[in-house]
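Structural overview for review
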Amino acid sequence: MAQLTNIEMERMLGSLAPLLPQRNMVGYAAARNTRILRDSLTEYTTMRDSLVERYGDPVTDDDGNFTGQVSIHPGTEAFSKFSEEIEPFMGIVHDVNIFRVSITEAIGRLSGEEILAAEWMFEGEVGPDGALR
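Figured I'd write up the structure that's included with this text. Note that residues are indexed from 1 along each chain, following the sequence as it is written. Local features in this predicted model are restricted to residues whose pLDDT is 70 or higher, and side-chain atom pairs enter the listing and the counts only when it is 80 or higher, whereas totals over whole chains, interfaces and linings include all residues. Note that the side-chain values use all heavy atoms of the structure and ignore hydrogens as well as water.

Remarks on the side chain of Thr-34
What counts, and what does not: Only DSSP runs of H or I with at least four residues qualify as helices, and only runs of E with at least two residues qualify as strands; both kinds are numbered from the N terminus onward. Residue exposure (1.4 Å probe, protein chains only): buried if accessible area is under 20% of the type maximum, exposed if over 50%, otherwise partly exposed. A contact between two residues is defined here by any heavy atoms of the two lying within 4.5 Å.
Locating Thr-34 in the fold gives a position in helix α2 (residues 25-40). The class of Thr-34 is buried, set by a relative accessible area of 7%. Residues in contact with Thr-34, not counting those within four places in the same chain, are Leu-13, Leu-16 and Leu-20.

In structure tokens, the structure reads:
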């Protein structure tokens with residue numbers, strides 16, 4: 001069981017998206033952890049989305065039609081208000097049961113960038129001689 005803040009879980013969730021298409025143990029772990037993290041983030045996500053709706057601007061297409069999306073831009077007064085209101089929720093800590101797999105499942109299947117982004121999901125490490133530790 002890991003103790004994670006909402007913002008840590010949000011970042012971890014983002015690191016899993018490129019791994020979801022995999023049809024192996026890495027893909028399974030990514031899918032399972034996606035569900036676990038989404039469930040743990042339910043209330044935070046609802047709060048965040050509500051604040052984006054409140055302070056964000058509607059996104060329009062090239063013809064000026066509303067796309068159904070709302071965005072909020074860093075550096076704006078609206079973003080400052082959003083940040084101020086979401087900040088207390090970002091640091092709330094949860095006990096989360098992360099599913100981990102051996103680092104050997106990633107070797108040869110993932111790029112170095114993908115391994116680094118999701119290293120929290122892997123157990124063990126590979127030494128300079130290539131042996132698992």
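Some details on the nonpolar core
Convention followed: In these notes, a set of buried Ala, Val, Leu, Ile, Met, Phe, Trp, Tyr and Cys residues joined through side-chain atoms within 4.5 Å is what counts as a nonpolar core.
Among the nonpolar cores identified, the biggest contains 30 residues, and Leu-19, Leu-37, Trp-120, Met-121 and Phe-122 are the most heavily contacted of them. If you list the elements that add at least two residues to this core, you get β1 (2-5), α1 (6-16), α2, α3 (42-55) and α4 (77-90). Beyond its immediate chain neighbours, meaning those up to four positions away, Met-121 contacts Leu-16, Leu-19, Val-26, Ala-29, Ala-30, Asn-33, Phe-99, Arg-100 and Val-101.

A closer look at α4
Operational definition: For a helix, the expected span equals 1.5 Å multiplied by the number of residues minus one. Throughout, the bend at a residue refers to the angle made by two axes, fitted to the seven residues ending there and to the seven starting there.
Taking 1.5 Å per residue, 14 residues should reach 20 Å; α4 reaches 20 Å between its end C-alpha atoms and fits that length. Where α4 bends most, at Glu-84, the angle is about 30 degrees, and the proline Pro-88 comes one to four residues later.

Some points on the packing of aromatic side chains
Applicable threshold: To pair, rings of Phe, Tyr and Trp, with the six-membered ring standing in for Trp, must have centres within 6.5 Å; the planes then decide the type, stacked if under 30 degrees apart, edge-to-face if over 60, and tilted in the middle.
With the rule as written, the count across this model stands at two aromatic pairs. Note on Phe-79 and Phe-82: the rings are 5.9 Å apart at their centroids and 40 degrees apart in plane angle, and the pair reads as tilted. One end of the pair is Phe-79 and the other is Phe-82, both in helix α4 and three residues apart, which spans about a single turn.

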